[in-house]
Amino acid sequence: MTNIERIIDNLKQEKAELSKRIKKLIAKLDSRSLQFEDASLLEDQLNAMLDYNMILDERIERLEKENEVCK
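Residues numbered from 1 in each chain as written. Predicted model: local features only at pLDDT ≥ 70, side-chain atom pairs only at ≥ 80, totals over all residues. Heavy atoms only, no water.

### Observations regarding the overall build of the chain
Okay, step 1: When you go through the chain residue by residue, the secondary structure sums to two helices and zero strands.
Okay, step 2: Computed over its C-alpha atoms, the radius of gyration of the chain comes to 16 Å, more than 25% above the 11 Å expected for a compact globule of 71 residues.
Okay, step 3: In terms of overall dimensions, the chain has a C-alpha envelope of 55 × 15 × 15 Å along the principal axes.
Okay, step 4: Burial analysis of the chain (71 residues in total) assigns 21% to the buried set.
Okay, step 5: Considering only residue pairs separated by 6 or more positions, the chain has 73% of its internal contacts joining residues 24 or more positions apart. (Helix = DSSP H or I, 4+ residues; strand = E, 2+ residues; numbered from the N terminus. Rg over C-alpha atoms; globule rule 2.2 N^0.38 Å. Buried < 20%, exposed > 50% of the residue type's maximum accessible area, 1.4 Å probe, protein only. Contact = heavy atoms within 4.5 Å.)

### Description of the environment of Lys23
Okay, step 1: For Lys23, the position within the fold is in helix α1 (residues 3-30).
Okay, step 2: Linking Lys23 and Leu46, residues 23 residues apart in sequence, is a C-alpha distance of 9.4 Å.

### Some words on the packing of α1 against helix α2 (residues 36-70)
Okay, step 1: Relative to each other, α1 and α2 sit at 160 degrees, their axes nearing to 9 Å. With respect to each other, α1 and α2 are oriented roughly antiparallel. Judged by the sense of rotation from one axis to the other, the crossing of α1 with α2 is left-handed.
Okay, step 2: Of the residues that constitute the contact of α1 with α2, the class distribution is 19 nonpolar, four polar and 11 charged. (Axes fitted to C-alpha atoms, helices over the stretch in contact; angles between N-to-C directions. Parallel < 35°, antiparallel > 145°, perpendicular 65-115°, else oblique. Left-handed = near helix turned anticlockwise from the far one by under 90°. Nonpolar A, V, L, I, M, F, W, Y, C, P; charged D, E, K, R; others polar.)

### Details of α1
Okay, step 1: Taking 1.5 Å per residue as the helical rise, α1 with its 28 residues ought to reach 40 Å, and the 40 Å between its terminal C-alpha atoms agrees with that figure.
Okay, step 2: Ile4, Ile8, Leu11, Leu18, Ile22 and Leu25 are the residues of α1 that are buried. (Expected span 1.5 Å × (residues − 1).)

### Observations regarding the pattern of salt bridges
Okay, step 1: With the rule as written, the count across this model stands at five salt bridges.
Okay, step 2: Here Asp57 makes a salt bridge to Lys15, at a shortest N to O gap of 3.0 Å. Of this pair, Asp57 sits in helix α2 while Lys15 sits in helix α1, and the two are 42 residues apart along the sequence.
Okay, step 3: The salt bridge partner of Lys20 is Glu17, with a shortest N-O separation of 3.5 Å. Of this pair, Lys20 and Glu17 both sit in helix α1, three residues apart, which is roughly one turn of that helix. (Salt bridge = Lys/Arg side-chain N within 4 Å of Asp/Glu carboxyl O.)

Here it is in structure tokens:
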């Protein structure tokens, strides 16, 4: 396994963990017992996580392309 492949695997693992956290956060937001301030803070966290998720997707895609070129 090359260094790029290891990095890709690590990023995919990080993305999987992030996806789990996003799902839990969405479940919290779906809870009707939240106060408005709490919901607003959770929405901000969710947006940040979704942004980071997109960044991970871009990094993975770029590294996969680089890995193909190197082969």
